[in-house]
Each structure stands twice: as C-alpha cells, then as structure tokens.
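# Results of the structural survey
In case you want the letters, here they are:
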Amino acid sequence: MSAGYAVPPDLPGSCTWVPDAGDERLRDYFSLTDVALRRVVEPERGLYMAESEKVIRRALAAGHRLRSLLMTPRWVQEWPDLLRTAQEQGAPVYVAAPAVAQEMTGFHLHRGVLAAMHRPQLPSLDSVLAGARRVAVLEDIVDHTNVGAVFRSAAALGVDAVLVTPRCADPLYRRSVRVSMGTVFQVPWTRIDPWPDGVDALRDLGLTVAALALSEDAVPLEQLEAAPPERLALVLGTEGDGLSSRTVRAADLVVTIPMGGGVDSLNVAAASAVAFWAVRPRGGPAS
Ligand SMILES: C[S@@+](CC[C@H](N)C(=O)[O-])C[C@H]1O[C@@H](n2cnc3c(N)ncnc32)[C@H](O)[C@@H]1O
C-alpha cells in the first residue's frame, strides 16, 4: 500500500530511496510511538533515536555516532554537512516519501530528519562523580517528560552529574531527549545499581545524601540552602509514591520544600528545579 512513490530525480547518490514502509533495513525506525516496545528494543539493540536536526547535531557534538538517518525528500538538500557526516561514519541515509515515513514510524516527520544513533556505553559511577559538587539521583521516575525536564534544570542550575536508578525511565528515550533540549548529552550521567544500596557508595565518595521527601522529620530547604555541604547528592522520588522508605532511611538527611495552598506535593521536575537552585554552588555559572 505504501509502495509506488517515484524516486526524486535529484536524489543524491549517497542516499537510499525507501519505497516500502516494511523495509527491514529500517527496522530501527519501526513503531516509534509504541513506548512499551521502544523501551525494550532500543537498549537491547544498543540504539536510541534523535529527532530534529538540532538534537542530532547536539548528539554528534557530544561524540555520539550515527547508525543511519531518515529524511523526507524536501529536506535532503537542507543539511549537506549532516549527509557528509553520515558518509564519514558509514551510516546510510534513507529517504522516504512522507506517507511511507509516517507509516513506518507512526508519526509525521515534520522535523524533517530522524536519526538512529549508537547508544554510548554508560560511564562508571566513579568517573561521572569525579569532582562533582552537586549530583541529582532520580529514583524510579516513570515519565520520560519528567526525566528530560530534570536534566534541563540540572544543566541550567549547576548540577554536575545525574544518576538514574535501575528502574528509572531512560534519559535517551526520544521524549526525554526532546524535553531535555539535548542536555542529556551535556550533563554526565549513568545508572546507579544497586539501589538504594548505592547510597553507601555515594557517601563513600564524599557526598552528603539528601532525600527530597515530604516527611515530618524533614528539614526545610532553606536550612540546607543556608549551609549546603561541599558535595551534595539530592535524591528525587517517583511520581506516584515518592521515595522508598529504605532510601529515606539510608539518606543523611531529609529535606522538604515548604508548600502552601493545600497542595500536597510538587511535580518532581518542578521540585528538582527549586532544590537545584537553592543549593547551587556559589561562584559557579548558575550563581
Ligand atoms: C510527585 S512527588 C511524589 C509525591 C508522593 N506522594 C510523596 O509523598 O512523596 C515526586 C517527588 O518530587 C519530590 N517532591 C515533590 N514535592 C516536594 C516537596 N514539597 N518537598 C520535597 N520534595 C518534593 C520528592 O522527591 C518526591 O518523591
């Protein structure tokens, strides 16, 4: 049904025309809107997706490598340098009619280009934390939008590293990357496993571990802001239940952002921005 589109006459020789949405060479691009599927296949196959020219450029600038590009014909002449980079990295450039690309991916390619990227190896905990004064730990955050938003705040507000627990949503998932505005490529991050046993590892590395939670014995954020420790890890909890009681018990202190208006909690990304700002290292770029 998707076959039958004519090859554009000006298609560069370095591009491959894709007449069929079921072409197995493009399986990296199949069913991109199926979150449950993509959550499994992307880490399994060692890939992630970058959508839009800007995000692809940020990924490349961070040293990530292309597996392939997918474009619709009207964009092919737009970014000759991207085509050159693809060629240098041995990555095919696929071109498909908008209807074929939509059938394949599940959405209209209005941003002109999509890239399948090689997923980089995660760095070690030690290397990510070396010299870090402010660290965010995301415990089991489910929503990719929240993960992306926390990275964006981390980049802007002086957080040097982000750690994600084993069950936390993938920072390299398409929506996280987009919402983060590419800062998932900028802020060093890795998974911390096991968790919450990893709290001890953080402490051994010289970090004070503060759990952000709504418990009665918590200190208000202003207190931490007035005298923040030299090296601090702020632990944020999952959207529904918040931090596990084990994590709260293991932390060095529990911190609350005082609220009013009858609101019982902040969105986790909003809470992260408030806390990052309050404890930002003075004298740094965000001060
Ligand atoms: C939506 S909240 C979870 C709410 C959950 N019912 C609870 O009681 O923690 C998600 C996370 O955001 C952070 N958070 C939200 N509001 C906060 C506040 N006022 N003070 C400290 N942390 C907060 C916490 O880390 C929390 O685990």
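Residues numbered from 1 in each chain as written. Predicted model: local features only at pLDDT ≥ 70, side-chain atom pairs only at ≥ 80, totals over all residues. Heavy atoms only, no water.

### Here's the deal with the site of the ligand
Close contacts around the ligand come from 19 residues, with Leu212, Gly237, Gly242, Ile257 and Leu266 the closest. Backbone polar atom of Leu212 to an oxygen atom of the ligand: 2.7 Å apart, as the coordinates give it. Here an oxygen atom of the ligand sits 3.0 Å away from a polar atom, N or O, in the main chain of Gly237. Burial of the ligand by the protein amounts to 85% of the accessible area it has alone, namely 560 Å². Of all the cavities here, the one that holds the ligand is the largest pocket. (Near = heavy atom within 4 Å. Polar contact = N/O pair within 3.5 Å; in protein donor to acceptor, adjacent residues only side chain to side chain. Areas by Shrake-Rupley, 256 points an atom, 1.4 Å probe, with all protein chains shown as cover. 1 Å grid on protein atoms, 1.4 Å probe; cavity = no way out; pocket = protein on both sides within 12 Å on 5 of 7 lines; lining within 4 Å. Sits in = over half its atoms within 2 Å of the grid points.)

### Details of the packing of aromatic side chains
Overall, the coordinates contain three aromatic pairs when judged by the stated rule. Ring geometry for Tyr48 versus Phe185: centroids 5.9 Å apart, planes at 40°, classification tilted. Pair noted here: Tyr48 is in strand β2 (residues 47-51) and Phe185 is in the loop between α7 (174-179) and β8 (189-191), with a separation of 137 residues, a long-range link. Phe185 shares its class with Tyr48; the two are buried. Here the aromatic rings of Phe151 and Trp189 are separated by 6.3 Å at their centres, their planes lie at 80°, and the arrangement is edge-to-face. Linking Phe151 in helix α6 (residues 144-156) with Trp189 in strand β8, this pair joins segments that are 38 residues apart in sequence. We note that Phe151, like Trp189, is buried. Stacked on the ring of Trp277, the Lys or Arg Arg280 has its end atom at 3.9 Å from the ring centre. (Phe/Tyr/Trp six-rings, centres within 6.5 Å; stacked < 30°, edge-to-face > 60°. Helix = DSSP H or I, 4+ residues; strand = E, 2+ residues; numbered from the N terminus. Buried < 20%, exposed > 50% of the residue type's maximum accessible area, 1.4 Å probe, protein only. Lys NZ or Arg CZ within 6 Å of the ring centre and 35° of its normal.)

### As for the domain arrangement of the protein
Each domain of the protein was delimited in the assignment, giving domain 1 (15-118) and domain 2 (125-279). For domain 1 versus domain 2, the distance between C-alpha centres works out to 32 Å. Taken together, the 16 residues of domain 1 in the interface contact 10 residues of domain 2. Of the roughly 1,300 Å² buried between domain 1 and domain 2, counting both surfaces, carbon and sulfur atoms make up 60%. For the interface between domain 1 and domain 2, the tally reads two salt bridges. For Arg178, the salt bridge identified is with Glu51, shortest N-O distance 2.5 Å. Going through the elements one at a time, α1 (35-45), β2 and α2 (53-61) are the ones with two or more residues in the side of domain 1 that touches domain 2. Among the elements that line the side of domain 1 that touches domain 2, the one with the most residues is α1, at four residues. (Domains from an automatic or database assignment. Contact = heavy atoms within 4.5 Å. Buried area = accessible area lost by both parts, 1.4 Å probe. Salt bridge = Lys/Arg side-chain N within 4 Å of Asp/Glu carboxyl O.)

### Examining empty space enclosed by the protein
Under the criterion given, the structure shown has one cavity of 30 Å³ or more. Approximately 40 Å³ is the volume attributed to the largest cavity. Every residue lining the largest cavity is listed: Glu51, Phe107, His108, Leu109, His110, Arg111, Val113 and Leu114. Residues of the lining of the largest cavity, tallied by class, amount to four nonpolar, two polar and two charged. (Points joined across faces, edges and corners; volume = space filled by probe spheres on them. Nonpolar A, V, L, I, M, F, W, Y, C, P; charged D, E, K, R; others polar.)

### Concerning the UniProt feature "domain: RNA 2-O ribose methyltransferase substrate binding" (unreviewed entry) in the protein
Sites flagged by UniProt as "domain: RNA 2-O ribose methyltransferase substrate binding" (unreviewed entry) map to residues 49-123. In residues 49-123, helix accounts for 35% and strand for 24%; the two terminal C-alpha atoms are 20 Å from one another. (UniProt positions renumbered as here; feature names shortened; annotations may be inferred.)

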